[in-house]
Amino acid sequence: MAGHSKWANIKRQKAVVDAKRGKTFTQLSRAIIVAARSGIPDPALNFQLRTAIDKAKAASIPNDNIERAIAKGAGISGGDNATFEAIRYEGYGPGGVAILIEALTDNRNRTAADLRVAFSKNGGNLGEVGCVSWMFDQKGVCVVQGVVDEEQLLEASLEGGAESYEMTEDEMAEVFTDIGNLETLSQTLKDQGFKVTDAELRWIPSNSVEVTDPDQARSLFKLIDTLESLDDVQNVTANFDIAEELMALSFS
């Protein structure tokens, strides 16, 4: 289980420092469009769409924007007919840190060019497909809040087909499962009375690179910030480990 939530914890701490930004309306709306297009445009019958809508609402995106994104994905709205495709990019950051980028784009040439510039300006390199993905495993993850009885969580997780779980903070846990079992696990946990605040697919590193140099840490976080600021980028995952004190210093 070691390392499962390391990157998630880094992301959470990073979000506290950089709370003013987070995911943009554009990024979250694209996730809704793609989810509606790839399945039934009804959140009650489309788990991917339901999850995308939940994330949009958590980011305070107005219902009108959400409805427009669903309509666009379903092909029942006029105007922009851009077709978005999901693409994964891979590269190395400062110190050889492996980085996976998940993007939704209507122009893969533009996206690749933007990513290449971001990497080259911040001490990294955009690589070929497969250059770092072998160091990651994709899992389904349910984030559960309000866990007061760990034994009950274990029983519910096993019933839902989970592979493992990890307490990440006080009364907060992350439950891991095979990617095809995420919806079943999420529903089982809810049926057992647990508050599932997020259900997502996540790339989890099988090993990590320790970052101990302050300048390297600053460059790495600048690269990740630059990547995350691109509208085409939906998610960035990396395999570094860093001390909390150094992380705080990197944002100062």
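Described in the following lines is the structure provided in the data block. (Residues numbered from 1 in each chain as written. Predicted model: local features only at pLDDT ≥ 70, side-chain atom pairs only at ≥ 80, totals over all residues. Heavy atoms only, no water.)

The terminal C-alpha atoms of helix H4 (residues 63-74), which comprises 12 residues, lie 16 Å apart, in line with the 16 Å expected from a rise of 1.5 Å per residue. Buried within H4 are the following residues: Ile 66, Ala 69, Ile 70, Ala 71 and Gly 73. (Helix = DSSP H or I, 4+ residues; strand = E, 2+ residues; numbered from the N terminus. Expected span 1.5 Å × (residues − 1). Buried < 20%, exposed > 50% of the residue type's maximum accessible area, 1.4 Å probe, protein only.)

In terms of nonpolar packing, the biggest core is built from 25 residues, with Ile 99, Ile 101, Leu 227 and Phe 240 touching the most fellow members. Elements that contribute at least two residues to this core include exactly strand E1 (85-92), strand E2 (98-105), helix H5 (108-121), helix H8 (214-229), strand E9 (233-238), strand E10 (240-242) and helix H9 (244-250). When residues of this core are assigned to their parent elements, the largest contribution, six residues, is made by H8. Those residues within four positions of Ile 99 in sequence are excluded, and the remaining contacts are Tyr 89, Glu 90, Gly 91, Gly 93, Phe 119, Val 132, Leu 220, Leu 223, Leu 227, Val 236, Thr 237 and Ala 238. (Core = buried A, V, L, I, M, F, W, Y, C linked by side-chain atoms within 4.5 Å. Contact = heavy atoms within 4.5 Å.)

Let's shift gears to the environment of Asp 232. By the element assignment, Asp 232 lies in the loop between H8 and E9. It is 9.6 Å that separates the C-alpha atoms of Asp 232 and Ala 86, two residues lying 146 residues apart in sequence. If we skip the residues at most four places from it in the chain, Asp 232 touches Arg 30, Glu 102, Ala 103, Leu 104, Thr 105, Arg 110 and Thr 111. Reaching out from Asp 232, the side chain makes a polar contact with the side chain of Arg 30 at a distance of 2.5 Å. (Polar contact = N/O pair within 3.5 Å; in protein donor to acceptor, adjacent residues only side chain to side chain.)

For the rest of this paragraph, the subject is the sheet that holds strand E4 (residues 136-145). Within a sheet, adjacent strands bond to each other through the backbone by hydrogen bonds, running parallel or antiparallel. Read from one edge to the other, the open sheet built from four strands follows the order E5-E6-E4-E7, with strand pairing classed as antiparallel. Of all the strands in the sheet, just strand E5 (164-169) and strand E7 (195-205) have a single pairing partner and so form its edges. The average undirected angle you get between the axes of adjacent strands in this sheet is 25°. Of the strand pairs in this sheet, E4 and E7 are connected by 10 bridges, and their pairing is antiparallel. By the bridge assignment, Asp 137 is partnered in E7 with Ile 204. (Pairing = 2+ DSSP bridges. Axes fitted to C-alpha atoms, helices over the stretch in contact; angles between N-to-C directions.)

On to H8, then. Given a rise of 1.5 Å per residue, 16 residues ought to cover 22 Å, and the 22 Å separating the end C-alpha atoms of H8 matches this to within 8%. Within H8, burial applies to Ala 217, Leu 220, Phe 221, Leu 223, Ile 224, Leu 227 and Glu 228. Down the axis, H8 shows its buried residues gathered within 155° of arc, on one side only. Opposite the packed face of H8, turned more than 90 degrees from it, sit the exposed residues Asp 215 and Lys 222. Where H8 begins, the side chain of Asp 213 points an oxygen toward the backbone nitrogen of Asp 215, at a separation of 3.2 Å. (Arc of directions from axis to C-beta.)

The next thing to look at is the packing of helix H2 (residues 25-38) against helix H3 (residues 47-58). The contact between H2 and H3 brings their axes to 8 Å, and the two run at 165°. As the angle between them shows, H2 and H3 are arranged roughly antiparallel. When the axes of H2 and H3 are compared, the crossing they make is left-handed. Counted together, Leu 28, Ala 31, Ile 32, Val 34, Ala 35, Ala 36 and Ser 38 of H2 and Gln 48, Leu 49, Ala 52, Ile 53, Lys 55 and Ala 56 of H3 form the full contact between these two elements. Here the residues of the contact of H2 with H3 are counted per class, giving 10 nonpolar, two polar and one charged. (Parallel < 35°, antiparallel > 145°, perpendicular 65-115°, else oblique. Left-handed = near helix turned anticlockwise from the far one by under 90°. Nonpolar A, V, L, I, M, F, W, Y, C, P; charged D, E, K, R; others polar.)

So, about the pattern of salt bridges. Pairing of side chains with opposite charge becomes possible as their charged atoms draw close. Applying the stated criterion to the full structure yields 12 salt bridges. Between Glu 163 and Lys 139 there is a salt bridge; the shortest N-O distance is 2.9 Å. One end of the pair, Glu 163, is in the loop between helix H6 (150-159) and E5; the other, Lys 139, is in strand E4, with 24 residues separating them in the sequence. The partly exposed category is assigned to Lys 139, whose relative accessible area is 21%. (Salt bridge = Lys/Arg side-chain N within 4 Å of Asp/Glu carboxyl O.)

Strand order across the open sheet formed by four strands is E3-E1-E2-E9, with antiparallel pairing between neighbours. The outermost strands of the open sheet, each flanked by one partner alone, are strand E3 (125-126) and E9. In this structure, E1 lies alongside E2, joined through eight bridges in antiparallel fashion. Residue pairing in the sheet places Tyr 89 in a bridge with Ile 101 of E2. In the packing of H8 onto the sheet, the strands contacted are E2 and E9, and the crossing angle to E9 comes to about 160°.

What follows deals with the environment of Leu 154. You can see Leu 154 is positioned in helix H6. Look at Leu 154 and you get partly exposed, because its relative accessible area is 31%. Between the alpha carbons of Leu 154 and Val 175 there is a distance of 9.2 Å; along the sequence they are 21 residues apart.

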